[in-house]
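Okay, here's what each chain looks like letter by letter:
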Amino acid sequence: MKMTVAENGVLASNKFKSKRAHRSLRPSAMWLVMPGVVFLAVAFVVPLLILLSQSFYDEGFTFRYFAMILASPSYLAVVWITLRMAVLATAATMLLAYPVSCYLMLAGPAMRSFIMALIIIPFWTNILVRCYAWMAILQRRGLVNTFLTDQIGLIDRPIEMVYNLPGVLIGMTHYLLPPAILILYSINHNIDLRIVGAARSLGASPSRAFRHVFLPLSMPGIRAATMLVLILSLGFFVIPALLGGLKDMTLATLINVQFTESVDWHFGAAISMVLLVMTLVGIGVYYQALSKTKGGKQP
Amino acid sequence: MNPAVEFNNVSKSFGNFVAVRDFSLKVENGQFVTLLGSSGSGKSTSLMMLAGFMAPSGGHISIDGRDVTELAPHKRNIGLVYQNYALFPHMTVAANVGFPLKMRHVAKAEIARRVRSALEKVHLDVFADRFPAQLSGGQQQRVALARAMVFEPAILLMDEPLGALDKNLREEMQVEIKRIQRDVGITTIYVTHDQEEAMSMSDNVVVMSKGQIEQAAPPAQLYERPRNAFIAQFIGSANVIPGFVKSNEGAKSFVSETGTTIPLQMHGAVEEGARKAAIVRPERIRFGTGNDSLAVPAVVESVLYGGTMIRYATRAGEQRIDVVAVNDGGAPRQPGETVHLIWEPKDFLLVDATAN
């Protein structure tokens, strides 16, 4: 991009951008926004506030329900399980998604469209369908185990791959890969590959050009994708419920139990609050990290 | 002594398209050589093959006598400057310039010393701690230049380095690049489509068209002795008059396709009937009088008053001939006025009408 620089060193193009961003909406345009805002307020914000208020109001103001969570090792364990599961799934997803997004940048247009289709088709497939498909593949007498035991006889007894943590992680990673790849690609494809070429001509081997130039330049994409994937994984309900074992109780499944089985709305609301705070803290940390590395962002 | 760079019958094709054909060129140590051509002439492709980013389809490239055709880019010891500068946006100016030294495992203190001296050479030492986005286009280009030379590469390659700058800055940078190149004495291969840039900076200019060399010569020779009509038109402006040579009782003359006869002198070696193009530069034509036996009578068609120069379009018979005259303060000729065009015999060239 060609940049024009004003005398004082401020980027003229940035100035232009911020001017546009700060331009206020004209009054007439507000009417177009109102229906959506009203709908969200009535159908989402108000019920959410009512629900969350139940976590500290039960015939009077109380911290009883939060105390219950903090006092019980089994509830704290659920928080820990949720967090650990989300971090593991995020790590697995990012490790798999990053090379694919890089390959998409280098592939020709035909190959890129083909791979995009492979990424987007599962993205459109219902999560329940995907869970049952994984069950069929991973269970004791599923595709993988039958192949390993009966067909090639590599192992004597089937491997436990589902109704446990690995099962949940496989399902979650599969679910999270398409959005992760799409975000990484959409941000990283702006990187000028000639810059990597410049690094090569200046004496960097392919691996060092990647490490010193491409990787740092792709960090904004990595950060954005990691955060989105992490936030999504914190709230997973269907996958842990279907592919996990009894031990793999997450906050989302616990909330479901409170509302539908125990019918303890106050306690359910308190757990919802914990999950919401965890997610908001995650987002806060993310924006903090983003603002710190502004200097390293590509102009 | 080995030439600094040698292309030996290098070709490159993409599918059926031949981008570079039988390209052979020797560049001597310390020379500034420009590959000049319009887009698609194969100049950038040749440069990218030398840098190692494209493999030739045929032929060999050597640097200082060593065959590098198969060598990876990072082992070629070449400094490369791109049109878009290709600075690392996430590194400071000092880190950008230090990058090639870091890749060569130079000690930290030594890196700092050499970066400082490289930045001093391009007058940017005060900007060492800034990021590229905080610099102007010309400053970024000088950072790219410092980065490409700090590791003392065998050759410096520049691919349209001034293309993104405005005209004034471009002229300033031409002088700057030439000064630095002369100070350092580095062999430089420069790619551009701007013939003025090529002429003013280079020791040798290689004019390329359709993947082939049309002519490789020092700038003055290219201008004064173009090998064919294509070169004459590409370098500066020229009256190109297609036609043939006629002999009448020992006196030779040139007859243009439009039927205008121009008397010849000192063109003894030219065979009669040969299809040629006559080249005469507009600024080498003067207005004489009808008494001059070699004068070509013409009628002024239009006058463009340009201050320093006055441009005339004249017609000799059916043949259009442009004249550029220095504004000497006299009254300009008027449209419709009959003039007599004269020139030195050496300025009237007969060349091949077609390109390679």
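Every residue gets a number counted from 1 within its own chain, in the order that chain's sequence is written. Key to labels: chains lettered from A, ligands numbered from 1, both in the order written. Thresholds applied to this predicted model are a pLDDT of at least 70 for local features of residues and 80 or more for the giving and counting of side-chain atom pairs; totals over whole chains, interfaces and linings are not thresholded and use all residues. Side-chain metrics in this entry use all non-hydrogen atoms of the structure; hydrogen atoms and water are not considered.

Engineer: So what about the environment of B:G42? Which residues, and what values?
Structural biologist: Mapped onto the elements of the fold, B:G42 is located in the loop between β3 (32–36) and α1 (43–51). For the pair formed by B:G42 and B:G211, sequence separation is 169 residues and the distance between their alpha carbons is 4.6 Å. Helix numbering and strand numbering both begin at the N terminus, where a helix is a DSSP run of H or I of at least 4 residues and a strand a DSSP run of E of at least 2.

Engineer: Describe the sheet that holds strand β6 (residues 78–81) of chain B, with residues and values.
Structural biologist: The strands that make up a sheet are held in pairs by hydrogen bonds between backbone atoms, and each pair lies either parallel or antiparallel. Residue and element names in this part refer to chain B. Pairing between strands is defined by DSSP: at least two bridges between them are needed. Here we have six strands laid out as an open sheet, ordered β6-β7-β8-β3-β9-β10, and mixed in their pairing. Two strands bound the open sheet, and with one partner strand each, they are β6 and β10 (212–217). On average, each strand axis in the sheet is inclined to that of its neighbour by 15 degrees, with strand direction left out of account. Contacts are residue-level and defined by heavy atoms, with any inter-residue pair within 4.5 Å sufficient. Here the axes come from fitting lines to C-alpha atoms, over the contacting stretch only for helices, and the angles between their N-to-C directions go from 0 to 180 degrees. Together, β3, β6, β7 (155–159), β8 (187–192) and β9 (204–209) form the strand contacts of α1, whose direction differs from that of β7 by roughly 145 degrees.

Engineer: I'd like to hear about the domain arrangement of chain B, residue by residue, with values.
Structural biologist: Residue and element names in this part refer to chain B. Here the bounds of each domain stem from an automatic or database domain assignment. Assigned domains of chain B: these are domain 1 (5–229) and domain 2 (236–351). The straight-line distance from the C-alpha centre of domain 1 to that of domain 2 is 40 Å. Two parts placed together each lose some accessible area under a 1.4 Å probe, and the buried area is that loss summed for both. Note on domain 1 versus domain 2: buried area summed over both sides is about 760 Å², and carbon and sulfur give 49% of it. Sorting the residues of domain 1 by area buried against domain 2 places Y223, P226 and A229 first, and these three jointly supply 60% of that buried surface. Here a salt bridge means any side-chain nitrogen of Lys or Arg lying within 4 Å of a carboxyl oxygen belonging to Asp or Glu. Our count for the contact surface shared by domain 1 and domain 2 stands at one salt bridge. Residue E224 is joined to R284 by a salt bridge in which the shortest nitrogen-to-oxygen separation is 2.9 Å. At three residues, the largest contribution of residues to the side of domain 1 that touches domain 2 is made by helix α7 (residues 219–224). Classification used: nonpolar for Ala, Val, Leu, Ile, Met, Phe, Trp, Tyr, Cys and Pro, charged for Asp, Glu, Lys and Arg, polar for all others including Gly. When the residues that make up the side of domain 1 that touches domain 2 are grouped by side-chain class, the tally is four nonpolar, two polar and three charged.

Engineer: Report on a nonpolar patch on the surface, specifying residues and quantitative values.
Structural biologist: All names here are of chain A. The grouping of M30, W31, L32, V33, M34, V37, V38 and V42 at the surface amounts to a nonpolar patch, some 810 Å² of accessible area in total. Note that L32 resides in helix α2 (residues 27–53). Classification of residues uses two cut-offs on accessible area relative to the type maximum, computed with a 1.4 Å probe and protein chains only: under 20% is buried, over 50% is exposed, and between them is partly exposed. Judged by relative accessible area, which is 72%, L32 ranks as exposed. Only residues whose relative accessible area exceeds 30% and that form no salt bridge enter a patch; like-charged residues are grouped when within 9 Å of one another, and nonpolar side chains (Val, Leu, Ile, Met, Phe, Trp, Tyr) when within 5 Å. Here the accessible surface of atoms and residues is derived via Shrake-Rupley with a 1.4 Å probe, and residues count as covered only by protein chains that are part of the display.

Engineer: Now, about the interface of chain B and chain A: what can you tell me, with residues and values included?
Structural biologist: Counting residues at the interface gives 27 residues for chain B and 25 residues for chain A. Between chain B and chain A, roughly 2300 Å² of surface is buried when both sides are summed, and carbon and sulfur atoms account for 66% of that area. Scanning the region where chain B abuts chain A turns up zero salt bridges. Polar contact is the term for a pair of N or O atoms within 3.5 Å; when the atoms are in protein, one must be able to donate a hydrogen and the other to accept it, and sequence-neighboring residues count only if both atoms are side-chain atoms. Inspection of the region where chain B meets chain A yields five residue pairs in polar contact (both at pLDDT 80 or more). The element best represented in the side of chain B that touches chain A is helix α2 (residues 93–103) of chain B, accounting for four residues. Its residues assigned to classes, the side of chain B that touches chain A comprises 19 nonpolar, five polar and three charged.

Engineer: Explain the nonpolar core to me, using residue names and the numbers behind them.
Structural biologist: A:V213, B:L50, B:F99, B:L119 and B:I177 are the most contacted members of the largest nonpolar core, which has 113 residues in total. Setting aside residues up to four positions removed in sequence, B:L50 forms contacts with B:V5, B:F7, B:I61, B:I63, B:R76, B:I78, B:I155, B:L157 and B:I189. Here, nonpolar core refers to any group of buried Ala, Val, Leu, Ile, Met, Phe, Trp, Tyr and Cys residues whose side-chain atoms link them within 4.5 Å. Counting residues in each nonpolar core, the second largest holds 22 residues, with B:I262, B:V280, B:V300 and B:Y312 among its members.

Engineer: Would you mind going over empty space enclosed by the protein in detail, with residue names and values included?
Structural biologist: All names here are of chain B. Using a grid of 1 Å spacing that covers the protein atoms alone, one calls a set of points a cavity when a 1.4 Å probe fits there but cannot get out, and a pocket when the set is open and has protein on both sides within 12 Å along at least five of seven lines; lining residues are those with an atom within 4 Å of a point. Grid points are joined across faces, edges and corners, and a volume is the space filled by probe spheres set on the points. If you walk through the whole model with that rule in mind, you get three cavities of 30 Å³ or more. Within this model, the largest cavity holds a volume of roughly 90 Å³. Looking at the largest cavity, it is lined by 10 residues, and the ones nearest its centre are P263, Q265, L294, W343 and P345. Taken together, the residues that form the lining of the largest cavity break down as eight nonpolar, two polar and no charged. Here the second largest cavity defines a volume of roughly 80 Å³. Around the second largest cavity, the lining residues are Y223, E224, R225, I279, V280, R281, R284, K346, D347 and L349. When residues of the lining of the second largest cavity are traced back to their parent elements, those giving at least two are α7 and β14 (275–280). Here the lining of the second largest cavity spans two domains, since at least three of its residues come from each of domain 1 (5–229) and domain 2 (236–351).

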